[in-house]
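Residues per chain are reported as follows:
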Amino acid sequence: MPERRAILFCGDPHGSFDHILQVAQRLRPMAVILLGDLEPVRPLHVELDAIRDRLWFIYGNHDTASQTAFENVFDSELADCNIHGRVVTLPDGTRLAGVGGVFRTSVWSPPASPIYDSAETHARHTPRQDRWRSGPVRRHWGSIYPDVVKRLTNERADILVTHEAPSCHPHGWGAIDNLARALGVHSAFHGPGSPEQTVLPRWKMPSSSRPGDTTMRSLAPKRGPCTRGMYWSPSSACAGMSS
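So, here is what we can say about the structure in this document.

Criteria and thresholds
Residues numbered from 1 in each chain as written. Predicted model: local features only at pLDDT ≥ 70, side-chain atom pairs only at ≥ 80, totals over all residues. Heavy atoms only, no water. Buried < 20%, exposed > 50% of the residue type's maximum accessible area, 1.4 Å probe, protein only. Helix = DSSP H or I, 4+ residues; strand = E, 2+ residues; numbered from the N terminus. Contact = heavy atoms within 4.5 Å. Pairing = 2+ DSSP bridges. Right-handed = clockwise from strand over helix to strand, strands pointing away. Polar contact = N/O pair within 3.5 Å; in protein donor to acceptor, adjacent residues only side chain to side chain. Salt bridge = Lys/Arg side-chain N within 4 Å of Asp/Glu carboxyl O.

## Looking at helix α3 (residues 67-74)
Residues that lie three or four places apart on an α-helix share one face, since the helix turns once every 3.6 residues.
No. 1: Burial in α3 covers these residues: A69, F70, N72, V73 and F74.
No. 2: Check the buried side of α3 and you find it contacts α2 (44-47) and β3 (55-58).

## Here we look at the pairing of strand β6 (residues 159-162)
No. 1: The alternating pattern of β6 places I159 and V161 and L160 and T162 on opposite faces, both of which are buried.
No. 2: Pairing analysis gives four bridges linking β6 to strand β7 (residues 187-190), with the strands arranged parallel. The residue of β7 that forms the bridge with I159 is S187.
No. 3: Between β6 and its parallel partner β7, the chain crosses via helix α6 (residues 174-183), and the hand of that crossover is right-handed.

## Observations concerning the side chain of E47
No. 1: Within the secondary structure, E47 is located in helix α2.
No. 2: On the basis of relative accessible area, E47 is assigned to the buried category, the value being 11%.
No. 3: A distance of 3.2 Å separates the side chain of E47 from the backbone nitrogen of R42, its partner in a polar contact.

## Some points on the pattern of salt bridges
No. 1: All chains considered together, the criterion is met by seven salt bridges.
No. 2: With its nearest N and O atoms 3.2 Å apart, the salt bridge here joins R52 to E77. Of the two residues, R52 sits in the loop between α2 and β3 while E77 sits in the loop between α3 and β4 (86-89), which places them 25 residues apart along the sequence.
No. 3: Residue class for R52 comes out partly exposed when judged on its relative accessible area of 30%.

If you want it as structure tokens, here you go:
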């Protein structure tokens, strides 16, 4: 089957990748985007070798919660596929921006002023014995810092992917909306939601809303491994799918 000009977005696999690989093999998308909380039990390049030529990801808070999860993501041969804090261009010219991690009150809880404006500043205020690889404690490698968001506002993109939700979600963040508008994206996809979020059937199209001119869509499970995904193509906008 030839490759199709489409993108597969997958939220929060939590170490379960078989269904993602099966759907990617069947649909042959141009790109597969993982929206955080990967938690691979083996190095990511081992888990996802079959789609490594089309894979991009952002990390989630669970990816820095343990040393094993951290090393299997950040030290894998696919580490360069991490798009946190940058914009990459897909084969058809689509510009994809990403922000991994979560907002934390001990770092930055917008719209409040940040406690630390960067990971480097945070590391300088962290006792030496508590630092992780010369940075802040490992947990905060999964935190969002203002300098990353500020740098991205000077870029332009077509799609924004985040682990946190925008404000159209009951527990979302206006800072994500602001970034989407600054980037000029037409669509944004995010991972986790609140514990009260309704779970849709596996691989069905989630609900969406439109703050301003940007379509925001959630691909988050309530609990456990990835319970939904989305297949997106320019010709069909966003199409739901079932496994």
